[in-house]
Amino acid sequence: MTKIAPTPPLVMTFSATDPSGGAGMQADLLTLASIGCHPLSVVTGITVQDTVGVESVMALDADWVNEQARAVLEDMHVEAFKLGMLGSVENVAVVAEIVADYPDIPLLIDPILASGRGDELAGDDIQDAMVELLFPQATLITPNSLEARRLAFAFDSEEDEENATLDDCARRLLEMGCEYVLITGTHERGPEVVNTLYGKNGLVRAYSWERLPGSYHGSGCTLTSAIAACMAHGLTLEEAVVEAQEYTWQTLQAGFRPGMGQNIPDRLFWAREEEDGEQQD
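Residues numbered from 1 in each chain as written. Predicted model: local features only at pLDDT ≥ 70, side-chain atom pairs only at ≥ 80, totals over all residues. Heavy atoms only, no water.

Q: I'm lost on the pairing of strand β7 (residues 180–183) in this one. Help?
A: Residues in a regular strand point their side chains to alternate faces of the sheet. Here strand β6 (residues 140–141) pairs with β7 via two bridges, running parallel. In the sheet register, I141 faces β7, and the bridge partner there is V181. With three bridges joining them, β7 and strand β8 (residues 192–199) adopt antiparallel strand pairing. Paired with I183 across the strands is T196, a residue of β8. (Pairing = 2+ DSSP bridges. Helix = DSSP H or I, 4+ residues; strand = E, 2+ residues; numbered from the N terminus.)

This is the structure:
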């Protein structure tokens, strides 16, 4: 009699495709699988992009997004939700309705507003819908420092956004309903990258990482997916944040530059390390 293997943790990701394999859905799938989860993919849009930048985005119809997710959720139990680029206000609304039906499942949000080159990926209408409909349900949001400043002042343009500290931004984002906020510091100056986790009582912990040369396509997708994967394996949020940062840094250190633009994180760095060791033997 054939023995059926135990089911790995299931994580559902909502994101748009990236044909370069650097970010988006492809980054999520690689990361989740690398950390031992089975990824469930709900496509929210299709992009035309490479390692240099995003040329165009086509958001899928919200009914298609809804039907993709509902079909799988009626069949399988997921341990975590991860959200990336949603593509339209309608998609934000339908995803908010879906995750609201599963309030006990962790919701991790990478609030993508622009590409690494600065291509706009979420206008003010999408941004505002995320703040209103998704942030109050979020276990964790993971904006970079630029996104944190923009999101924190989404409804308060009179305030001095540019001079606000990241602590101020985190406080505002937490007031929007998120349980935790992890602000990544890649865009800040300094010899190290400092990522800072905040909770309801303020600062939880700051994490310092060696700043690697170059820039990377899909590092944010990788980090948030890695946190989701670690939580799906049973880690607490704070434990998952630590483990996921270590994993992400390793993917960046092992990153490669297949095109004319940014480097791509190697989410399967551990497999190639094993191959190198076998070849040396």
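From this point, things continue past the structure.
Q: What's the story with the sheet that holds strand β2 (residues 38–49) in this structure? I'm lost.
A: The strands making up a sheet associate through hydrogen bonds between their backbones, and the pairing can be parallel or antiparallel. Strand order in the open sheet formed by nine strands is β3-β2-β1-β4-β5-β6-β7-β8-β9, and the pairing between neighbours is mixed. A strand with exactly one partner marks an edge of an open sheet, and here the two such strands are β3 (54–59) and β9 (202–210). The strands that helix α2 (residues 62–73) touches are β1 (10–17), β2 and β4 (80–83); relative to β2, the one it contacts most, it runs at about 165°. (Contact = heavy atoms within 4.5 Å. Axes fitted to C-alpha atoms, helices over the stretch in contact; angles between N-to-C directions.)

Q: Help me out: how do you make sense of a negative patch on the surface in this one?
A: Together, D61, D63, E67, E90 and D125 line one region of the surface with negative charge. For D125, a relative accessible area of 49% puts it in the partly exposed group. (Patch = residues over 30% accessible without salt bridge, like charges linked within 9 Å, V, L, I, M, F, W, Y side chains within 5 Å. Areas by Shrake-Rupley, 256 points an atom, 1.4 Å probe, with all protein chains shown as cover. Salt bridge = Lys/Arg side-chain N within 4 Å of Asp/Glu carboxyl O. Lys, Arg positive; Asp, Glu negative; His and termini not counted. Charge placed at Lys NZ, Arg CZ, Asp CG, Glu CD. Buried < 20%, exposed > 50% of the residue type's maximum accessible area, 1.4 Å probe, protein only.)

Q: Would you mind showing me how to read the pairing of β9 here?
A: Here β8 pairs with β9 via eight bridges, running antiparallel. Counterpart to L197 in the pairing with β9 is R205. Where β8 folds back onto β9 in an antiparallel hairpin, the turn is made up of two residues.

Q: It is not clear to me how the pattern of salt bridges should be interpreted in this structure. Could you clarify?
A: Counted under the stated rule, the structure contains six salt bridges. Here R150 ties to D124 by a salt bridge, and the two come within 3.9 Å at their closest N and O atoms. With R150 in helix α5 (residues 145–152) and D124 in helix α4 (residues 124–134), this pair connects stretches of sequence that are 26 residues apart.

Q: Got a minute to help me understand α5 in this structure?
A: Helical periodicity: at 3.6 residues per turn, an α-helix aligns residues three or four positions apart in one direction. Across the eight residues of α5, six count as buried, placing the element largely inside the fold. Turning to α5, its buried residues number three or more, namely S145, E147, A148, R149, L151 and A152. Sitting at the head of α5, N144 places a side-chain oxygen 3.0 Å from the backbone nitrogen of L146. (Polar contact = N/O pair within 3.5 Å; in protein donor to acceptor, adjacent residues only side chain to side chain.)

Q: Sorry if this is basic, but what is going on with the nonpolar core here?
A: It is characteristic of soluble globular proteins that their nonpolar side chains tend to be buried jointly. Counting residues in each nonpolar core, the largest one holds 51 residues, and the members touching the most others are F14, L134 and F135. Per-element accounting of this core gives the leading share, six residues, to helix α3 (residues 89–100). If near-sequence neighbours (up to four positions away) are discounted, F135 is found in contact with I109, P111, M130, I141, L151, L173, M176, G177 and C178. (Core = buried A, V, L, I, M, F, W, Y, C linked by side-chain atoms within 4.5 Å.)

Q: I tried to follow the layout of surface pockets on my own but got confused; where do I start?
A: The gaps of empty space that remain are located by a probe, the size of a water molecule, rolled over the atoms. There is about 1100 Å³ of room inside the largest pocket. Lining the largest pocket are 50 residues, and of these N144, H187, Y216, S219 and G220 sit closest to its centre. Looking at the lining of the largest pocket, the elements that each hand over two or more residues are β1, α1 (24–34), β2, α5, β8, β9, α7 (219–232) and α8 (237–253). No other element matches the five residues that α7 contributes to the lining of the largest pocket. For the lining of the largest pocket, the residue count by class is 18 nonpolar, 25 polar and seven charged. (1 Å grid on protein atoms, 1.4 Å probe; cavity = no way out; pocket = protein on both sides within 12 Å on 5 of 7 lines; lining within 4 Å. Points joined across faces, edges and corners; volume = space filled by probe spheres on them. Nonpolar A, V, L, I, M, F, W, Y, C, P; charged D, E, K, R; others polar.)

Q: Which parts of the structure should I look at to understand the state of the cysteines?
A: Covalently bonding the sulfur atom of one cysteine to the sulfur atom of another cysteine gives a disulfide. Counted under the stated rule, the structure contains zero disulfides. Its sulfur unpaired, C169 is 13 Å from the next cysteine sulfur, which belongs to C178. Since its relative accessible area comes to 0%, C178 is described here as buried. (Disulfide = S-S within 2.5 Å.)

Q: For this particular structure, what's the right way to read the side chain of T222?
A: Examined against the element boundaries, T222 turns out to sit in helix α7. A distance of 2.7 Å separates a polar atom in the side chain of T222 from the backbone oxygen of G218. Reaching out from T222, the side chain makes a polar contact with the side chain of R267 at a distance of 3.0 Å. Aside from chain neighbours lying at most four places away, what touches T222 is T31, Y247, T248, T251, P265 and R267.

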